Every structure is written in C-alpha cells, then in structure tokens.
Amino acid sequence: MDVKDILVEINSRLPFYNLLAKDLYEVTGESREARDERMAWWREARFGMFIHWGLYSVAAGKWNGIPIPHYGEWIMHNGQIPQRQYAKLADRFNPVKFDAGEWVGIAKKAGMKYIVVTAKHHDGFSLFHTKLSKYNMVDATPFKRDVIKELADACKDNGMRFGLYYSQLDWLHAGYSFIFAVTPKFRKYLDFMKGQLEELLTCYGPICELFFDGEWMPQWNMKLGAELESFCRSLQPNVIINNRVGKRPILCMVPWAAPFTMNTTCGDFETPEQFIPEHIPPRDWETNMTMNDTFGYKENDDNWKSSGSLIRKLVEIASRNGNFLLNVGPTGDGVFPEKSVEILSEIGNWMKNNGDSIYGAVGGPLNKPSWGRTTRKQGKIFLHIFDWPASDLVVSGINEDIYNAYLLSDPARRPLNFKKSIDKLRIDIPRCAPDSGSSVIVLETNRV
Ligand code: FHN
C-alpha cells in the first residue's frame, strides 16, 4: 500500500466525515455528464423493491421452535447455529409456490420500477446456479431451479429493471475470518467472490443495480472496494453500484450522524438503512427499509408499517432527491407474506393517481412545511398534504408565478380557485382529503 492508500484507509475508518476521500478515492474518471446519463433511469425510478430470500426464509425466525431475535436473515449468527446444522435447511428449501412473474407483477402494480434481490447473503448460500460452489439453489435444494434467472427473465418480460444484492461478508467461506489481515486465504475468497460476480454480470442480462453489503468486516478496505468496483464496471459499465462496495464511516447507521457520514465516494450512491436522512445528502442516495422489522421472513413479525406511513416515507425521500428501496421477505414456500401484498397494493393505488409527483421528481421549494412536503419537476410544484386542513390551504414561501392549481388525483384536472399575494398562496380545497397518506395538489408554474 502506498501513502495514498494508507491515507484513504485511515480516512475510511474515521467515525465521521470522509475528510480526505473526496480527492483520494477516484475509481473512474467518469465525467459528470456521463454519470448523469447513467443515473438518469434511477433518478426517474425513485421506488424499488428489495427482496431478501434464502435458507433463512425456511427457518422463518425460529430455531428448534425458539424465536431468534432481530433480523430473520441473521438467524445463523444470532441463533449461534453451527454451519452444518444451518446448511440442512437446504434440504427443506422447496418453494413450490414460487412464481417469478407473480412477484414482478406485485412490484409493478405497487408502482416500483426496479427489483434488487439477494443473490448471496452473509450466510454464503447462493440463490443462483453458481459453478463455484455446490451450496446453491440448484445443486443443494430439492427445488433445483435458478430463481435468479427466473426473476431476471420475468423482469425483462415485464419491463422491470433487475438488480442484485451481493454480500462481501460470507460466514461460510473458508477464506473469511473476522480479522484485519488480507491473508492468502482471504485472497482466495476474493477470487471466489469475483468469480461469482462475473457469473452474475455475464449470465443474467443487464443488472441495473449492485447492492453490496457487509463491508464492515475488518479486512475489507477502500482499495479492495475500488478494485471490485472497477471489475464490475468492466463487465457492465452501466451498472449502478452502492457505496458499500468500498467502506462507509463507522457511524453510517446512526441517523443523527448522517450529515457527516453520507458523503462517501465509493460506488454511485449512499445507503441510509431504516432511516431517512434529515438533510439532503450531497450525492445520490437510496434508503432501504423493511415493511415490518426484518428483511428476511419471520413468521412472528407482525409489526407492519401502514401503507399511509410508507407513502409518506416515499414522499419524504423524493422531497430530498432520494430513492426508496422497500423490502419484501418471501416465505420458504416462495410467496410474499399476505400483509406485504396488501400494503403494496394500497401503495400501488396511491401511485396510480399520484406517481407523477414522485417519478423523476426532486425536492420542491419548501423545506418541511407543517402540512406536508413538496416535490417538483418540469414546470410543476407538487404540494403533498399529509394533514388535510379543515378550510383553505394557506401556503407561504412560494415566490413563483402560479398559473393553475388542481388535484393530481382528479382525472379531469378541474382547476382549484386560488389567490396569490407576494408570499402567500391561499387555495380553496375540497372538504375531504382525496387520498390517504398524502393528497397532492399540482401548481403549474409555466403558462400552459
Ligand atoms: O446485515 C445486513 C442485513 O441483513 C440486511 O441485508 C441489510 C439490508 O440493507 N444490510 C445489512 C445490515 O446493514
């Protein structure tokens, strides 16, 4: 490692701000224009589905009948299950109800524009037919089907972009151990990982997003991240890669620290998890979040967020120029939990009427008004009203000419009466909110 590498390394392990990374970590000489072009579909999409599916889905949060706390996909670790015992789940992983087209259809109806599914999580089990290990969906289970291929094909057939989650952290692989040194054994693991990524990036069609994860392991570093990022881009130059390909600051999972941690330069976007940053991060970002409290399926986790609260989170995120990757944890039988389907259907109904205020939108002119949020695009400001007022809506702080106002969910776009003074806009609104979660009023700022 030369001095620059050492500086980058020290910097990446700081608890806060990547003070030096801005200048020292440059993986590609990509121009801003080229990056904007590559990111365009992603900034338009705004809303995607995360899918955590694997052997842990069979366990469903219990081991020997005992509920294991925290994330379902961590059951091997949290339940201190010997690897040999855990691997026996593969004999029971036979998701006969799995229908890739059905999963993609549910995502599409929810208004989601891309899917990111776990190709390999920390437990080392591959959902795709890898040639580099027999511990995979085709060789190790009675199901014997490459579900990643089936999902990739279903996405292609349904105009849905297809992305993959891949964990550098691998509890199973002999080359992995929780130490700092990059040992020869770890180098062998790196070859394994790159081999699998080559399979995923050459055999499953265009991969829209690579969500790396588990980079907190001590021997992972920015240099390895830069090499991996370049390797993946050499196979699919347009793939969008998250910041966990490199190294996030130690406090990256702490919401209040976000202003000091969400500025890494590895990959293309920041990855706040289970929270929405209060400020607008300096570059592209995607919040990933569960619908209940677990990514991987747990039969006893019924702590579901309402569709209204998730709609407001989507609005909140879009109002800060971010993307929302909302997770579903399918069961060991290969179906989405019923409650997930119900919530996604309700979100889809809202998106049908109001998606124009989310897709391709960025933050509006008002920062967190008391009544809701604002987004905007192409000559329109979208007022997202969370709390519908009993009488007129009075909006302060919009210093632009307004030529028309109407409810986004009104197909006839009947104009709403409004009066605008220098900085006050009073809109005559219907007595009842047209939508749950968020009702949207469009203000046209261009004379149409
Ligand atoms: O440890 C993983 C966890 O299981 C899950 O995959 C989330 C999703 O972003 N990522 C890690 C926790 O930060």
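Refer to the preceding data block for the structure.
In this report, the structure presented in the accompanying data block is examined. (Residues numbered from 1 in each chain as written. Predicted model: local features only at pLDDT ≥ 70, side-chain atom pairs only at ≥ 80, totals over all residues. Heavy atoms only, no water.)

Considering the overall build of the protein
Thinking step 1. The secondary structure content of the protein amounts to 14 helices and 17 strands.
Thinking step 2. For 448 residues, the compact-globule estimate of 2.2 N^0.38 gives 22 Å, and the protein sits close to it at 23 Å.
Thinking step 3. Projected onto its principal axes, the C-alpha coordinates of the protein cover approximately 70 × 55 × 40 Å.
Thinking step 4. Among the 448 residues that make up the protein, the fraction classed as buried is 58%.
Thinking step 5. Put simply, of all contacts in the protein between residues at least 6 apart along the chain, 70% involve residues at least 24 apart.
Thinking step 6. As presented, the protein carries roughly 18700 Å² of accessible surface, and 53% of it is formed by carbon and sulfur atoms. (Helix = DSSP H or I, 4+ residues; strand = E, 2+ residues; numbered from the N terminus. Rg over C-alpha atoms; globule rule 2.2 N^0.38 Å. Buried < 20%, exposed > 50% of the residue type's maximum accessible area, 1.4 Å probe, protein only. Contact = heavy atoms within 4.5 Å. Areas by Shrake-Rupley, 256 points an atom, 1.4 Å probe, with all protein chains shown as cover.)

Notes on the layout of surface pockets
Thinking step 1. Estimates place the volume of the second largest pocket at around 340 Å³.
Thinking step 2. Along the wall of the second largest pocket there are 24 residues; nearest its centre are Asp213, Glu215, Trp216, Arg248 and Met253.
Thinking step 3. For the lining of the second largest pocket, the class distribution of residues is eleven nonpolar, five polar and eight charged. (1 Å grid on protein atoms, 1.4 Å probe; cavity = no way out; pocket = protein on both sides within 12 Å on 5 of 7 lines; lining within 4 Å. Points joined across faces, edges and corners; volume = space filled by probe spheres on them. Nonpolar A, V, L, I, M, F, W, Y, C, P; charged D, E, K, R; others polar.)

What about the sheet that holds strand E1 (residues 47-51)?
Thinking step 1. A sheet is described by the order of its strands in space; here seven strands give the open sequence E7-E6-E5-E4-E1-E9-E8, paired in parallel fashion. Two strands bound the open sheet, and with one partner strand each, they are strand E7 (240-241) and strand E8 (286-289).
Thinking step 2. When E1 meets strand E4 (residues 114-120), the two strands line up parallel, connected through four bridges. Directly across from Gly48, in E4, lies its bridge partner Tyr114.
Thinking step 3. Those strands touched by helix H14 (residues 338-354) are E1 and strand E9 (323-328), and its axis lies near 150° from that of E9. (Pairing = 2+ DSSP bridges. Axes fitted to C-alpha atoms, helices over the stretch in contact; angles between N-to-C directions.)

Re the pattern of salt bridges
Thinking step 1. In this structure the tally under the stated criterion is 28 salt bridges.
Thinking step 2. Linking Lys134 and Asp139 is a salt bridge whose minimum nitrogen-to-oxygen distance equals 4.0 Å.
Thinking step 3. You can call Lys134 exposed: its relative accessible area is 64%.
Thinking step 4. Taking the relative accessible area as the measure of exposure, Asp139 reaches 31% and is therefore partly exposed.
Thinking step 5. For Asp153, the salt bridge identified is with Lys149, shortest N-O distance 2.9 Å. Within this pair, Asp153 and its partner Lys149 are both found in helix H9 (residues 147-157), separated by four residues, close to a single helical turn.
Thinking step 6. By relative accessible area, which is 32% here, Asp153 ends up partly exposed. (Salt bridge = Lys/Arg side-chain N within 4 Å of Asp/Glu carboxyl O.)

Quick look at the site of the ligand
Thinking step 1. Taken together, 15 residues form the shell around the ligand, and within it His52, Glu73, His122, Asp213 and Glu273 come nearest.
Thinking step 2. A distance of 2.8 Å separates an oxygen atom of the ligand from a polar side-chain atom of His121.
Thinking step 3. Note that an oxygen atom of the ligand is positioned 2.7 Å from one of the side-chain N or O atoms of His122.
Thinking step 4. For the ligand, the accessible surface in isolation is 330 Å², of which the surrounding protein chains cover 96%.
Thinking step 5. Class assignment for the residues of the shell around the ligand results in seven nonpolar, four polar and four charged. (Near = heavy atom within 4 Å. Polar contact = N/O pair within 3.5 Å; in protein donor to acceptor, adjacent residues only side chain to side chain.)

Quick word on the nonpolar core
Thinking step 1. Grouped together as the largest cluster of nonpolar side chains are 101 residues, with contacts concentrated most on Leu197 and Leu210.
Thinking step 2. When residues in this core are grouped by element, the largest group, eight residues, is from helix H10 (residues 184-203).
Thinking step 3. Excluding its chain neighbours within four sequence positions, the residues that come into contact with Leu197 are Tyr166, Leu210, Phe212, Leu228, Phe231, Cys232 and Leu235. (Core = buried A, V, L, I, M, F, W, Y, C linked by side-chain atoms within 4.5 Å.)

Here's the deal with the side chain of Arg46
Thinking step 1. Structurally, the position occupied by Arg46 is in the loop between helix H3 (32-45) and E1.
Thinking step 2. At 3.3 Å, the side chain of Arg46 and the backbone oxygen of Gly322 are in polar contact.
Thinking step 3. Other than its neighbours up to four places away in sequence, Arg46 contacts Leu314, Ala318, Asn321, Gly322, Asn323, Phe324, Ile358, Tyr359, Gly360, Ala361 and Val362.

A look at H10
For an α-helix, the turn length of 3.6 residues means that residues three or four places apart are oriented alike.
Thinking step 1. Under the 1.5 Å per step criterion, the end-to-end length of H10 is 28 Å for 20 residues, consistent within 8% with the ideal 28 Å.
Thinking step 2. Within H10, burial applies to Phe186, Tyr189, Leu190, Phe192, Met193, Gly195, Gln196, Leu197, Glu199, Leu200 and Leu201.
Thinking step 3. Buried positions along H10 lie against E4, strand E5 (161-167), strand E6 (209-213) and helix H11 (222-235).
Thinking step 4. Count one or two residues on from H10 and you reach Gly205, which has phi positive near 80°. (Expected span 1.5 Å × (residues − 1).)

Let's talk about the packing of aromatic side chains
Thinking step 1. With the rule as written, the count across this model stands at 21 aromatic pairs.
Thinking step 2. With centroids separated by 6.3 Å and ring planes inclined at 55°, the aromatic side chains of Phe93 and Phe125 adopt a geometry described as tilted. Note that Phe93 is positioned in the loop between helix H7 (89-92) and helix H8 (100-109) and Phe125 in the loop between E4 and H9, a separation of 32 residues in sequence. Taken individually, Phe93 and Phe125 each receive the classification buried, so the pair is uniform in this respect.
Thinking step 3. Within the aromatic cluster, the residues linked to one another by ring pairs are Trp53, Phe93, Phe98, Trp103, Phe125, Tyr135, Phe143 and Phe336.
Thinking step 4. Of note, Lys113 hangs over the ring of Tyr359, and the distance from its end group to the ring centre comes to 4.6 Å. (Phe/Tyr/Trp six-rings, centres within 6.5 Å; stacked < 30°, edge-to-face > 60°. Lys NZ or Arg CZ within 6 Å of the ring centre and 35° of its normal.)

Examining the environment of Val442
Thinking step 1. Mapped onto the elements of the fold, Val442 is located in strand E17 (residues 439-444).
Thinking step 2. Considered as a pair, Val442 and Phe180 are 262 residues apart in the sequence and their alpha carbons are 54 Å apart.
Thinking step 3. Discounting chain neighbours no more than four positions away, the residues touching Val442 are Lys380, Ile381, Phe382, Asn404, Ala405, Tyr406 and Leu408.

Describing the sheet that holds E17
Thinking step 1. Strands sit in the order E10-E11-E12-E17-E14 across an open sheet of five strands; the sheet is antiparallel. The sheet terminates laterally at strand E10 (362-363) and strand E14 (404-407), the two strands that pair on one side only.
Thinking step 2. Here strand E11 (residues 372-377) runs beside strand E12 (residues 380-385); their pairing, made up of six bridges, is antiparallel. From the neighbouring strand, Thr374 faces E12, where its bridge partner is Leu383.
Thinking step 3. The strands that helix H13 (residues 307-318) touches are E10, E11 and E12; relative to E11, the one it contacts most, it runs at about 50°.

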